[in-house]
Amino acid sequence: MKKAALGRTRGALKGSGRLCLALLTALLVSGASAAQSKLDDARQLMQKGRYNKAEELLDPQSADAGELRLLLDLAKRTGRFAEAGRHANRLLLLFQSGRFSQPGQMAQAAYAAWYLDRWHEADEIYKAAAEKEDVPASLYIDWGNLYLAKYSVAEAEEIFQDAINASPEDSPPAAAFVGLAQVGKILSRPGGDQALERALEIEPDNLEAISVKAEWAISAESWQEAVKWIGKGLKINPNYLPLLEQRAVMHYFRGETKKYDQARQAVLKINPNNADLFEALGNTAVNMRRMEEADRFFREAVRLNPRQWSALAAQGINMLRLGQDEGKQVLEQAFRNDPFNIWTFNTLKLLDSFENFTELESEHFRVRLHSKEAEALWPYVEDLLERCLTTLEEKYDHQISGKYVFEMYPDHEDFAVRTLGMPGLGALGAAFGRVVAMDSPSGRPKGEFHWGSTLWHEVAHVVALSLSDQKVPRWFTEGLSMMEERLAYEGWGEYVTTTYISAYRDGQLLPLERLNDGFQRPKSALQIQLSYLQAGWVCEFLASRYGFSKIRDMLLAYAQDKTSEEVFQAVLGSSMQEVDDQFQEEMKQTLEPLMQRLGPIERQAEEGEEGAAVQTLIPGPEVLAGDEADNYFANLKRGRKLFEEGDLEEAAPFLEKAVELFPTFAGKNSPYQLLAEIYRETGDRQKTAGILERWWKVSPKNADIAVELSGLLIEQQEIEKAIRYLEESMFSDPLRDDSHLLLGDLYLQREQPQEAIREFEVLLSLKPNDLAGARYRLARALFQTGDREAAKKELLLSLEIAPSFRDAQQLLLELVKP
């Protein structure tokens, strides 16, 4: 019958061109309409999760690009990878034969090339299609997702914006805003939540947006929110795999074993080869610092789908976090198959640089330090690592098993790559798996970094994570680390800032039950800083109010897969809200007097050193005009004005009052700095020493303070104090030769030769200008220990550099006396 109908049509074409054209047009329109209706019906069935019914409507032998795309998606979704590959190859062959020339058709061919890992070809097809007229928004969305998948985030953002621009102003595509939200998340940029809200405003049933909402809630351990979004999405499509996967992830990390097993089986029933589930489990485990579990999940993902290159790359990076050097080979395999993965590329590049590092071992750590500074850092790093771990193990009554890897990076971007796989991390240190990594003293600006405090913070993570079986929420482990570094030594850690006080006044601090959001999905860089300070204060409050033993009990309760609410109820006998109410009262009692001392405060955005807007506080106009005796800013402003006018003696009392009112404000332009300059200028060495000592005790970051202070204390014959401050300065900057020279000489005076030997050996590793003098001093220390041969060797080396060095000559003569 088809042949007959076709024949009649041909005959009609010979008899009447106009009638023939009308009939042909009608037939084509009718056929196209029917085909489109079939595809729309299939999409509707897929949206409802009726995949088998959808597939029944489609023809595997079809030459329609849209139909083949749906078949490819269905086969991929249900784990029939070989079949999906056949559909993809057919799509590409039809395109290459010239069958597809419309932008929408070409987009399906590009998607097929993407599925076959022919990424460059996919990109070229998208580019060619985008140059045509009437480009559908869906093309840009697929193209943007390709760039997201291949880690070209900035380009993806532009393409998603193109999708919006290509659409009517009153009906932009929701999927484009989902893409923009994911871009913001990857770039740690605010606005992701707003983009998702916009997507759901346009299309309330957009499953992709709902799934991302659920994923983000899980990453922040906001379980009730995750339940809400997962439930909402599964009502729309009970078989939507991303949401079924998120449901399984949620149950697993809530410790709901039976529910997890059921949720996992629901996923595998639809797709027995679903690697996405296990990759999602692995990524969430990494986010929660549960690296051993992540390793198992990534391996399972790769077993189910050996072409899941992102999972293979994640497995390799995670192996390295666990201290397994074999991870490099896994990464190399992943990179051969997906050279676009920027995390893989950056990590392999970093691993190649390890040839420039020196590997050392202490009792509990394998240590990796850059060779150019390893000799100088090692004595202090080894001592502090072991002292810190021993102190915290005893305090928490918990022994760490096996050795951890500890790494210091002189290049901050290398540290960022080691931690996240990408440069741009704002943190100073990180603990993950069995690795602790951090900046070295040379990796940060001088005077702004206290590496000892950072090390203590990160090792505290090691103990808390181990005791909780890696299950402690982010806010609690960060809070404990903030608490422990403040308890380690005087002045270590961070204190309440004017920014924090202003945030408290303005109601910008997060409630305790949402404090994890400040770390896992912060709305700004400022919120992260505030959350660290708040979490530290909460932990100090808990230890003070309930006793430190309850802190340990809480960690053990987290190890049993309890939620924070369950932990608070079981261990503290109070709900999180009740504890938060108590904490709010403590903040009120502490901060309101400080608010009175600070007076009105205005917030002003300034450009930070990383180029991001940061919040800084300046005095409000009433304070600038006022002369309140007990107002911090009024005293600081008046003191600074008098200082600038040269009235130093008049300025000092106002600046001293400012220090009294707010002693922990010790940063740039603090009253400490101005007072030190005043007392130097006026020649009052005792007051200079006094203000430097007070400054150092609240902010021991700038080693210049300790060195100058020690010199003044030596003049006053306070040698023990001078030694103490020089020793403390090594935790801020152990890479300056003058402090080692001065401290070594003081040890010699005190007849502490072993300590002097350490200082002079470090001094020599720093290659000081006076090498002969350094070797002579080392010889003296060795002589004090009775090691005459080693002392003689150093003296000969000294005299080789400076043959007329009289002190070295005299000591050598003494050594060679019979």
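None of these values were measured; they are calculated from a predicted model. (Residues numbered from 1 in each chain as written. Predicted model: local features only at pLDDT ≥ 70, side-chain atom pairs only at ≥ 80, totals over all residues. Heavy atoms only, no water.)

**A short note on the overall build of the protein chain**
Phase 1: A tally of regular secondary structure across the protein chain gives 42 helices and seven strands.
Phase 2: Seen through its C-alpha atoms, the protein chain measures out along the principal axes to roughly 125 × 70 × 55 Å.
Phase 3: Residues counted as buried form 52% of the 818 residues belonging to the protein chain.
Phase 4: Counting only contacts in the protein chain whose residues sit at least 6 apart along the sequence, the fraction spanning at least 24 positions is 58%.
Phase 5: Total accessible area on the protein chain stands at roughly 37500 Å², and carbon and sulfur atoms take up 49% of it.
Phase 6: When the 95 basic and 127 acidic side-chain charges of the protein chain are each reduced to a single mean position, those positions are 8 Å apart. (Helix = DSSP H or I, 4+ residues; strand = E, 2+ residues; numbered from the N terminus. Buried < 20%, exposed > 50% of the residue type's maximum accessible area, 1.4 Å probe, protein only. Contact = heavy atoms within 4.5 Å. Areas by Shrake-Rupley, 256 points an atom, 1.4 Å probe, with all protein chains shown as cover. Lys, Arg positive; Asp, Glu negative; His and termini not counted. Charge placed at Lys NZ, Arg CZ, Asp CG, Glu CD.)

**A closer look at the domain arrangement of the protein chain**
Phase 1: Taken domain by domain, the protein chain consists of domain 1 (1–43), domain 2 (386–614), domain 3 (621–709) and domain 4 (736–818).
Phase 2: The distance between the C-alpha centroids of domain 2 and domain 4 comes to 43 Å. (Domains from an automatic or database assignment.)

**Overview of the packing of helix α8 (residues 137–149) against helix α9 (residues 153–165)**
Phase 1: Across the interface, α8 lies against α9 with an axial gap of 8 Å and an inter-helix angle of 170°. Compared by their axis directions, α8 and α9 come out roughly antiparallel. Residue-level contacts link A137, Y140, I141, W143, G144, N145, Y147 and L148 of α8 to E155, A156, I159, F160, D162 and A163 of α9.
Phase 2: Residue classes in the contact of α8 with α9 are distributed as 10 nonpolar, two polar and two charged. (Axes fitted to C-alpha atoms, helices over the stretch in contact; angles between N-to-C directions. Parallel < 35°, antiparallel > 145°, perpendicular 65-115°, else oblique. Nonpolar A, V, L, I, M, F, W, Y, C, P; charged D, E, K, R; others polar.)

**Observations concerning the packing of aromatic side chains**
Phase 1: Evaluation of the coordinates by the stated rule reveals 30 aromatic pairs.
Phase 2: Here the aromatic rings of Y126 and W143 are separated by 5.9 Å at their centres, their planes lie at 20°, and the arrangement is stacked. Remark: W143 occurs in helix α8 and Y126 occurs in helix α7 (residues 119–130); sequence separation between them is 17 residues. Both residues of the pair, Y126 and W143, count as buried. (Phe/Tyr/Trp six-rings, centres within 6.5 Å; stacked < 30°, edge-to-face > 60°.)

**Some thoughts on the pairing of strand β4 (residues 429–432)**
Phase 1: Going residue by residue along β4, you find G429 and A431 tucked away on one face and A430 and F432 tucked away on the opposite face as well.
Phase 2: Bridge analysis of β4 against strand β5 (residues 435–439) gives four bridges, and the strand direction is antiparallel. Each bridged residue has a counterpart across the sheet, and for A430 the counterpart in β5 is A437.
Phase 3: Between β4 and β5, which pair antiparallel in sequence order, lie two residues; one of them, G433, sits at a positive phi of approximately 60°. (Pairing = 2+ DSSP bridges.)

**Some points on the environment of E197**
Phase 1: Tracing the backbone through its elements, the reader meets E197 in helix α11 (residues 192–202).
Phase 2: For E197, a relative accessible area of 41% translates into the label partly exposed.
Phase 3: Along the sequence, E197 and I210 sit 13 residues apart, while their C-alpha atoms lie 9.7 Å from each other.
Phase 4: Within polar-contact distance, the side chain of E197 engages the side chain of K213 at 2.5 Å. (Polar contact = N/O pair within 3.5 Å; in protein donor to acceptor, adjacent residues only side chain to side chain.)

**Description of helix α4 (residues 65–77)**
One full turn of an α-helix is made of 3.6 residues, so residues set three or four places apart face in the same direction.
Phase 1: Compared with an ideal rise of 1.5 Å per residue, which puts 13 residues at 18 Å, α4 spans 18 Å between its outermost C-alpha atoms and is within 8% of the ideal.
Phase 2: Burial runs high along α4: 11 of the 13 residues are buried.
Phase 3: When we look at burial in α4, the residues that qualify are A65, G66, E67, L68, R69, L70, L71, L72, D73, L74 and A75.
Phase 4: At the N-terminal boundary of α4, the capping side chain belongs to D64, with an oxygen 2.9 Å from the backbone nitrogen of G66.
Phase 5: Phi for G79, located one or two positions after α4, is positive at around 80°. (Expected span 1.5 Å × (residues − 1).)

**Quick notes on the side chain of H412**
Phase 1: Positionally, H412 belongs in helix α22 (residues 412–420).
Phase 2: Of the residues examined, H412 reaches a relative accessible area of 11% and is grouped as buried.
Phase 3: A polar side-chain atom of H412 sits 2.8 Å from a polar atom in the side chain of D439.
Phase 4: Among the polar contacts made by the side chain of H412, one reaches the side chain of R444 at a distance of 3.2 Å.

**Regarding the packing of helix α35 (residues 685–698) against helix α37 (residues 719–729)**
Phase 1: Where α35 meets α37, the closest approach of the two axes is 12 Å, and the angle between their N-to-C directions is 40°. In terms of orientation, α35 and α37 fall into the oblique class. The crossing of α35 and α37 is left-handed. Contacts between α35 and α37 involve E693, W696 and K697 on the former and, on the latter, K721, R724, Y725, E728 and S729.
Phase 2: Per-class residue counts for the contact of α35 with α37 are two nonpolar, one polar and five charged. (Left-handed = near helix turned anticlockwise from the far one by under 90°.)

**Concerning the nonpolar core**
Phase 1: Of all hydrophobic cores here, the largest spans 137 residues; its most connected members are F406, W451, F476 and L542.
Phase 2: Looking at this core, the element that brings in the most residues is helix α21 (residues 374–396), giving 12 residues.
Phase 3: Counting 130 residues, the second-largest nonpolar core is a separate cluster that includes A54, Y111, I236 and F298. (Core = buried A, V, L, I, M, F, W, Y, C linked by side-chain atoms within 4.5 Å.)

**With respect to unusual backbone geometry**
Phase 1: The backbone of D134 sits at a positive phi, close to 55°, despite the residue not being glycine.
Phase 2: The residue D134 is located in the loop between α7 and α8 in this model.
Phase 3: By relative accessible area, which is 72% here, D134 ends up exposed.

**A closer look at the pairing of strand β3 (residues 404–409)**
Phase 1: Along β3, six of the six residues are buried, which leaves the element largely enclosed by surrounding structure.
Phase 2: Residues Y404, F406 and M408 of β3 are buried on one face, and the alternating residues V405, E407 and Y409, pointing to the opposite face, are buried as well.
Phase 3: With four bridges joining them, strand β2 (residues 365–370) and β3 adopt parallel strand pairing. Residue pairing across strands places V367 opposite F406, the latter belonging to β3.
Phase 4: Once the chain exits β2 it traverses α21 before rejoining the sheet at β3, and the crossover so formed is left-handed.
Phase 5: Bridge analysis of β3 against β5 gives five bridges, and the strand direction is parallel. Across the sheet, V405 pairs through a bridge with V435, a residue of β5. (Right-handed = clockwise from strand over helix to strand, strands pointing away.)

**A closer look at the environment of R289**
Phase 1: Mapping R289 onto the fold places it in the loop between α16 (275–287) and α17 (291–304).
Phase 2: Take R289: its relative accessible area is 12%, and that puts it in the buried class.
Phase 3: For the pair R289 and V472, spaced 183 residues apart in sequence, the C-alpha separation works out to 9.1 Å.
Phase 4: If sequence neighbours within four positions are ignored, R289 has contacts with A431, H461, L465, Q470, R474 and E478.

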